[in-house]
Amino acid sequence: MRFFLFALLIAHFIMPVVVAAQSIPFVEDHTSALTLDVFPSIGVLWGDPDGDGDLDVLVIGILPGEINGKGALYRNDGSGNFTFRTLRTNEDRNAVSNNGIWADIDNDGDLDLVTSSLFDGSLFINPGGPPQTPFEHLASAMDSFEDQRDLDIADYDGDGLLDGVIVRRFTHRNILVHNDGGFNNPVLDGHVYKERLNSGVTCWGDADNDGLPELYITNAEGRNSYFENQGGTLIRRLGFGNVNTGDNGTGCAWGDYDNDGDLDIVVTTTSSLGVGDYLFRNDGGVFTSVPFESRAIDTRGIAWGDVDNDGDLDLVATRYTDTDAHTLYLNDGAGGMAALDFGATASGNAVTLVDDDEDGDLDLFVVNGGSDFSRRNQFFRNATNGSANWLEVDLRLASGSNRFGVGAHVYAYATIGGQPQVLLRPMLSHTGRHAQSGHRMHFGLGDAAEVDSLVIDWPQGVEGADKTVLYSVAANQIVTITDTGQAAAPSASSLGEIPESFGVEGVFPNPSEGAVTISVRVGSQAPVQLEVFDVLGRRVSGLQATADSGAQMRLDWDGNDESGRRVPPGVYLIRVRQGEAEIVKRVTLLR
């Protein structure tokens, strides 16, 4: 009877559901307001500048009759219906003629706008008023440098303020912009500043999981650049991304496509030499080029996302020419990426995957990138239609620094298709060439009806706990995190009669990156047995000890199985028994 009850507890974590097979899930929507305005578009920025909880979008480009390229701001009503609004600023500057990022530069809880252009960049502060209140230009280092091709935002030194990097064309030096409270401190030395390689695109990503981001830059004259972050100092490293494509690198995007708990990166090229794009797999800080069915044509837009909600990241690549198709690379979960072409008659300079209508699947937005006013942007609805489960996480801290958690790694521990999985989604400002997918992370969960534990690993500089943990999070909802405080562990799951003198006082640390200590209050002099199981009910480890009645004792599990091998990251069940009484606790092991 006792084994049957424990089996029921295990079944609570599995709940198998049949999931239908997927192919191309996208259906083009010609009626969306995002496709009706015809103008040359360069990039696309999703965010919530009006703070109403849904994702609006700024399309970077030059509207008919405009000189300054302020772009088109579309406000979302919460269900994926959009209304055009002009981006209003208090100064008539070159607002977004090249690229931009929504980011909370002044740590006041709303999104400001940082822009770049071939003339100079700008910082526009969000005044926090009604939607049509003009953004206010604030003099900053962005105003001082010409020929800006791209920018990205992250807190590279862990001081709680978001910094920037500007990459520039021709022989101009790239610039780090340190945020000293006014975004006014360009770093005119160091490895980033030394390079003058006609750079194209840049992206921050925490490749070694230390809470500080590394930096990748594509170059047209020389090999691409990878900078390792050592305590807030960026050091150029050879051996990764050290690929001279012979042509202009066009994009980069970080994502954990193999579900091993660290960020891999895809790098795209113009492919005039037919070399195609590159996928680099990260194995604990060692990067390996992975062959995949890359199209050897001019790739511009790139975006990671779980388009079929099966638990692994797929990849979308868009082409610049009118005659070449876009490509969806469907991840088979075993390292393979099957290439499926779609949308064969339009160009794409930038692409995003975003759940704009909050139905749990990722829709696709492609902006044309051309100089021809007759080109329309393309919007594709995802027709997955609830065939698999999902979860979305929105980081919006109510106070403190870096309130949107830029640089955070969010891990979902779940059992999908009968197998324990660890899904990583990073909170990044820049999610591809001239693209930003908003401050919300999407997890496809397949047949998992819940996430066993959701762990937010905050970047350095965020005030409060290093990690926030939520347990037994139901699928098919948007979870908003407003506080870094660690969520309370679930109450003990008890089987059988529990004497008042017997109990588990705590499991700590939880989550853990190694050993775990279990504090037990014993009820008699009978032996105390500890067993560890994975979420499929398989015994992993165990030990036995004795103690005096009514005493406190500590049981230690080293995070290894009974053969002494380190167990993989995930959720484990710890069963403590004495006589006829037993209590089960959960613990999450991190990578």
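Coordinates for the structure precede this section.
Predicted model only: the values in this text are computed from it and were never measured.

A.B. asks: What should I look at first to understand the overall build of the protein chain in this one?
C.D. replies: Within the protein chain, the secondary structure is distributed over two helices and 44 strands. Residues counted as buried form 59% of the 591 residues belonging to the protein chain. Of the contacts formed within the protein chain by residues at least 6 apart in sequence, a portion of 55% connects residues at least 24 apart. A total of about 21000 Å² of accessible surface is found on the protein chain, and carbon and sulfur atoms cover 49% of it.

A.B. asks: Would you explain the pattern of salt bridges in this entry?
C.D. replies: Opposite charge on two side chains makes pairing possible when the charged atoms of those side chains draw close. Overall, the coordinates contain 20 salt bridges when judged by the stated rule. Among the salt bridges present, the one from D147 reaches R169, with a minimum N-O distance of 2.7 Å. Taken together, the residues span a long stretch of sequence, with D147 in the loop between strand 9 (136-137) and strand 10 (148-154) and R169 in the loop between strand 11 (163-168) and strand 12 (175-178) at a distance of 22 residues. The shortest N-O distance in the salt bridge between R539 and E531 comes to 2.6 Å. Taken together, the shared-partner salt bridges connect D48, E358, D394, R396 and R440 into one network.

A.B. asks: Just checking my understanding: could you explain the sheet that holds strand 10 for this structure?
C.D. replies: Hydrogen bonding along the main chain pairs the strands of a sheet, whether they run parallel or antiparallel. Pairing is antiparallel across the open sheet formed by four strands, whose spatial order is 10-11-12-13. With partners counted over all chains shown, the strands left at the sheet margins are strand 10 and strand 13 (185-187), one partner each. Pairwise comparison of adjacent strand axes, ignoring direction, gives a mean angle of 25° for this sheet. For strand 12 and strand 13, the ladder comprises three bridges, and the chain directions are antiparallel.

A.B. asks: Would you mind going over empty space enclosed by the protein with me for this structure?
C.D. replies: Taken as a whole and judged by the stated rule, the model has three cavities of 30 Å³ or more. What the largest cavity holds in volume is close to 410 Å³. Lining the largest cavity are 25 residues, and of these W304, L353, T431, S437 and R440 lie nearest its centre. Contributions of two or more residues to the lining of the largest cavity are made by strand 18 (249-255), strand 22 (299-305), strand 26 (350-354), strand 31 (419-426) and strand 33 (440-446).

A.B. asks: Which parts of the structure should I look at to understand unusual backbone geometry?
C.D. replies: With the exception of glycine, the majority of residues adopt a negative phi angle, and the majority of peptide bonds are in the trans configuration. Residue P509 follows F508 across a cis peptide bond; omega there is -10°. A cis amide bond links N510 with the next residue in sequence, P511, at an omega value of 10°. If you trace the backbone, P511 turns up in the loop between strand 38 (503-508) and strand 39 (516-521). Within the chain, D147 stands out as a residue other than glycine whose phi angle is a positive 55°. When its relative accessible area of 9% is taken as the criterion, D147 is described as buried. One non-glycine residue, N259, lies in the positive phi region at around 55°. Mapped onto the elements, N259 comes out in the loop between strand 18 and strand 19 (264-269). Overall, N259 belongs to the buried group, its relative accessible area being 17%.

A.B. asks: What is the right way to look at the environment of D92 in this model?
C.D. replies: Locating D92 in the fold gives a position in the loop between strand 5 (82-86) and strand 6 (99-103). Taking relative accessible area as the criterion, D92 reaches 60% and is therefore assigned exposed. Through-space distance from the C-alpha of D92 to that of H137 is 9.3 Å; in sequence the pair is 45 residues apart.

A.B. asks: In this structure, what is going on with the state of the cysteines? I would like to understand it.
C.D. replies: Among covalent bonds in proteins, the disulfide is the one between the sulfur atoms of two cysteines. Taken as a whole and assessed by the stated rule, the structure comprises one disulfide. A sulfur-sulfur separation of 2.4 Å characterises the disulfide bridge that pairs C203 with C252. Of this pair, C203 sits in strand 14 (residues 199-205) while C252 sits in strand 18, placing them 49 residues apart in sequence. C252 carries the same exposure label as C203, and that label is buried.

A.B. asks: Which parts of the structure should I look at to understand the nonpolar core?
C.D. replies: Within soluble globular proteins, side chains that are nonpolar tend to cluster in buried spots. Residues L391, L395, F443, L445, L454 and I456 are the most contacted members of the largest nonpolar core, which totals 25 residues. Of the residues forming this core, the biggest block, four residues, is contributed by strand 30 (residues 409-416). Aside from chain neighbours lying at most four places away, what touches F443 is N389, W390, L391, V393, V410, A412, L423, L424 and R425.

A.B. asks: Please clarify how the environment of D206 should be interpreted in this entry.
C.D. replies: With respect to the helices, strands and loops of the structure, D206 is situated in the loop between strand 14 and strand 15 (214-219). When the C-alpha positions of D206 and E228 are compared, they lie 9.2 Å apart, and in sequence the two are 22 residues distant. Apart from the residues lying within four places of it in its own chain, the contact partners of D206 are G211, L212, P213, E214, L263 and H409. Within the structure, D206 has its side chain in polar contact with the backbone nitrogen of N209 (distance 3.0 Å). Of the polar contacts made by the side chain of D206, one reaches the backbone nitrogen of G211; its length is 2.8 Å.

A.B. asks: Before we go on, may I ask you to explain the layout of surface pockets in this structure?
C.D. replies: By volume, the second largest pocket is sized at about 330 Å³. Lining of the second largest pocket is provided by 27 residues; of these, D48, P49, D50, G51 and N126 occupy positions nearest its centre. Of all the secondary structure elements, the ones that give two or more residues to the lining of the second largest pocket are strand 4 (72-76) and strand 5. Residues that form the lining of the second largest pocket fall into these classes: 10 nonpolar, eight polar and nine charged.

Definitions and limits used
- Just so you know, the residues in each chain are numbered from 1, in the order the chain's sequence is written.
- Only residues with pLDDT of at least 70 get local features here, since the model is predicted, and only at 80 or more are side-chain atom pairs given and counted; chain-wide, interface and lining totals rely on the full set of residues.
- Note: side-chain values were computed over all heavy atoms of the structure, leaving out hydrogens and water.
- Each helix corresponds to a stretch of at least 4 residues labelled H or I by DSSP, and each strand to a stretch of at least 2 residues labelled E; elements are numbered beginning at the N terminus.
- A simple rule labels every residue: compare its accessible area, found with a 1.4 Å probe on the protein chains alone, to the largest value its type can have, and call it buried under 20%, exposed over 50%, or partly exposed in between.
- Note on contacts: a residue pair is in contact if any heavy atoms of the two residues lie within 4.5 Å.
- Note on areas: Shrake-Rupley, 1.4 Å probe, and residue coverage restricted to the protein chains presented here.
- Whenever Lys or Arg places a side-chain nitrogen within 4 Å of a carboxyl oxygen from Asp or Glu, that contact is recorded as a salt bridge.
- Pairing between two strands is assigned when DSSP locates at least 2 bridges connecting them.
- The axes are straight lines fitted to the C-alpha atoms, using for helices just the contacting stretch, and the angles between their N-to-C directions are given from 0 to 180°.
- Think of a 1 Å grid over the protein atoms and nothing else: a 1.4 Å probe that fits but is trapped marks a cavity, an open set flanked by protein within 12 Å on at least five of seven lines marks a pocket, and residues with an atom within 4 Å of a point count as lining.
- Grid points are joined across faces, edges and corners, and a volume is the space filled by probe spheres set on the points.
- For the purposes of this analysis, a disulfide is any pair of cysteine sulfur atoms at a distance within 2.5 Å.
- The term nonpolar core refers to a set of buried residues drawn from Ala, Val, Leu, Ile, Met, Phe, Trp, Tyr and Cys, joined through side-chain atoms within 4.5 Å.
- Polar contacts, as counted here, are pairs of nitrogen or oxygen atoms within 3.5 Å of one another; within protein the pair requires one atom able to donate a hydrogen and one able to accept it, and residues that are adjacent in sequence qualify only if both atoms are side-chain atoms.
- Under this grouping Gly is polar, as are all residues other than the nonpolar Ala, Val, Leu, Ile, Met, Phe, Trp, Tyr, Cys and Pro and the charged Asp, Glu, Lys and Arg.

What is shown is where atoms sit, not what they do.
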